Each structure stands twice: as structure tokens, then as C-alpha cells.
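An overview of the molecular structure
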Amino acid sequence: MLQHLGLFGLFLGCLLSATVIPFSSEALVTAALLLDYSPWTVVLVATLGNTVGGMTCYLLGWLCKWSWIERYLKIKEDTLAKAHLKVEKYGSLAALLAWLPIIGDPIAIAMGVMRTRVVPTTVLMFIGKGVRYMVVVGLFQWIL
């Protein structure tokens, strides 16, 4: 897929991986590096896609009720409760953790439900996700 779609495929794959659809963006980042894309371009495109996906979860939280999220997105009540507590405690700073597996999506959704401010949430989510991809690219380069 990535070979044919290029950077758009990387963006789309990273976007999807940041939604409630389970998908590994790290594998796409590694594939893009193996295809000789610039590491900085890969980090930027992956971060943008993953942030847009994370903000999609935020929008779902903004628009939906907790009961709908639990019923239709199959996110367990205790996972939502933990995410809610983190957002309640840290506010928009919790967006720095939206890249985490398992709890990242619930954090983004909880931020939407709690209506955290959009600009700080987006910027902090972008920073958190960007740091993750810089680490992935750095590890890739170190291994090679």
C-alpha cells in the first residue's frame, strides 16, 4: 500500500491508527524509512496524520454521550473512567499522552467529552505524537 500511495498512504495509515481502528503506525513509519523517504518528512507526515486521527476521537467525544461511546465503540467503562480522571486532573496536558496504546483513544475521547480547549489540545497532541515518531525514527536509524 505504502509503495503505491507514498506519503499520502503514510498520512492515511497514521490517521486510521489514531482512531478506534486498531492499526500499527510504527510499521508504516518503518516501511516509509525503508522506502528511503526523508526521516524528517516521515516524522512530519506521520505526526500530522496521527494528530488528525486523534482529533477525530476528540470530535467523537465532543459529539457523543458516554453511553454511546461505551456501547458502539466498545471502550470499557473502567478505561473511560481512568481516561476521564487523567483529563480532569491534567486538562489539555493529557493530550501529550494520546499516543499511548490502549488508553490513548479513550484519553482523546474524554478530552472531547470534557470539552477541553481545541487549540491547546491539538498542539499538545501533535507534540506528544511527534516525539513518539522521532523516537521510532531514531531507533530505526540506530539499528541500521
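Look a little higher up for the structure.
Reference entry: report on the structure contained in this document. Note that this is a predicted model, so its numbers are computed, not measured. (Residues numbered from 1 in each chain as written. Predicted model: local features only at pLDDT ≥ 70, side-chain atom pairs only at ≥ 80, totals over all residues. Heavy atoms only, no water.)

Moving on to the overall build of the chain. Within the chain, the regular secondary structure consists of seven helices and zero strands. Each helix (α) and strand (β) of the chain, taken in turn from the N terminus, gives the series α-α-α-α-α-α-α. Here the C-alpha radius of gyration of the chain, 15 Å, is about what a compact globule of 144 residues would show, namely 15 Å. Its C-alpha atoms put the chain at 45 × 25 × 25 Å along the principal axes. By residue count, 42% of the 144 residues in the chain fall in the buried class. (Helix = DSSP H or I, 4+ residues; strand = E, 2+ residues; numbered from the N terminus. Rg over C-alpha atoms; globule rule 2.2 N^0.38 Å. Buried < 20%, exposed > 50% of the residue type's maximum accessible area, 1.4 Å probe, protein only.)

What follows is about the packing of aromatic side chains. With the rule as written, the count across this model stands at one aromatic pair. With 6.0 Å between their ring centres and 40° between their planes, Y58 and W62 make a pair best called tilted. On the criterion of helical spacing, the pair formed by Y58 and W62 is a turn pair, its members being four residues apart in helix α3 (residues 39-63). For W62, a relative accessible area of 32% puts it in the partly exposed group. The cationic tip of R115 hangs over the ring face of W62; the distance from NZ or CZ to the ring centre is 4.4 Å. Sitting above the plane of the Y133 ring, R132 keeps its charged end 4.4 Å from the centroid. (Phe/Tyr/Trp six-rings, centres within 6.5 Å; stacked < 30°, edge-to-face > 60°. Lys NZ or Arg CZ within 6 Å of the ring centre and 35° of its normal.)

All right, on to the nonpolar core then. I69, V87, I107, I109, M111 and M125 are the most contacted members of the largest nonpolar core, which totals 19 residues. Top contributing element to this core by residue count: helix α6 (residues 104-113), with six residues. Discounting chain neighbours no more than four positions away, the residues touching I107 are A83, K86, V87, A94 and L97. By size, the runner-up hydrophobic cluster in this structure holds 14 residues, among which are L28, A32, V42 and V43. (Core = buried A, V, L, I, M, F, W, Y, C linked by side-chain atoms within 4.5 Å. Contact = heavy atoms within 4.5 Å.)

Going through the model one piece at a time under the given rule, you end up with one salt bridge. For the salt bridge of R132 with E26, the shortest nitrogen-to-oxygen distance reads 3.6 Å. Of the two residues, R132 sits in helix α7 (residues 118-143) while E26 sits in helix α2 (residues 25-34), which places them 106 residues apart along the sequence. For R132, a relative accessible area of 12% puts it in the buried group. (Salt bridge = Lys/Arg side-chain N within 4 Å of Asp/Glu carboxyl O.)

Another point: the layout of surface pockets. Considering only enclosed or pocket space, the largest pocket measures out at about 490 Å³ in volume. Lining the largest pocket are 26 residues, with S17, L100, P101, I102 and D105 sitting closest to its centre. Among the elements that line the lining of the largest pocket, the one with the most residues is α6, at three residues. (1 Å grid on protein atoms, 1.4 Å probe; cavity = no way out; pocket = protein on both sides within 12 Å on 5 of 7 lines; lining within 4 Å. Points joined across faces, edges and corners; volume = space filled by probe spheres on them.)

As a further point, take the packing of α2 against α3. Where α2 contacts α3, the two axes come as close as 10 Å, and the packing angle between them is 155°. By the angle between their directions, the pair α2 and α3 is classed as roughly antiparallel. Once α2 is placed against α3, the crossing between them reads as right-handed. In this structure, α2 contributes S25, V29, A32 and L33 to the contact, and α3 contributes P39, V42, A46 and N50. Across the contact of α2 with α3, the residue classes break down as six nonpolar, two polar and no charged. (Axes fitted to C-alpha atoms, helices over the stretch in contact; angles between N-to-C directions. Parallel < 35°, antiparallel > 145°, perpendicular 65-115°, else oblique. Left-handed = near helix turned anticlockwise from the far one by under 90°. Nonpolar A, V, L, I, M, F, W, Y, C, P; charged D, E, K, R; others polar.)

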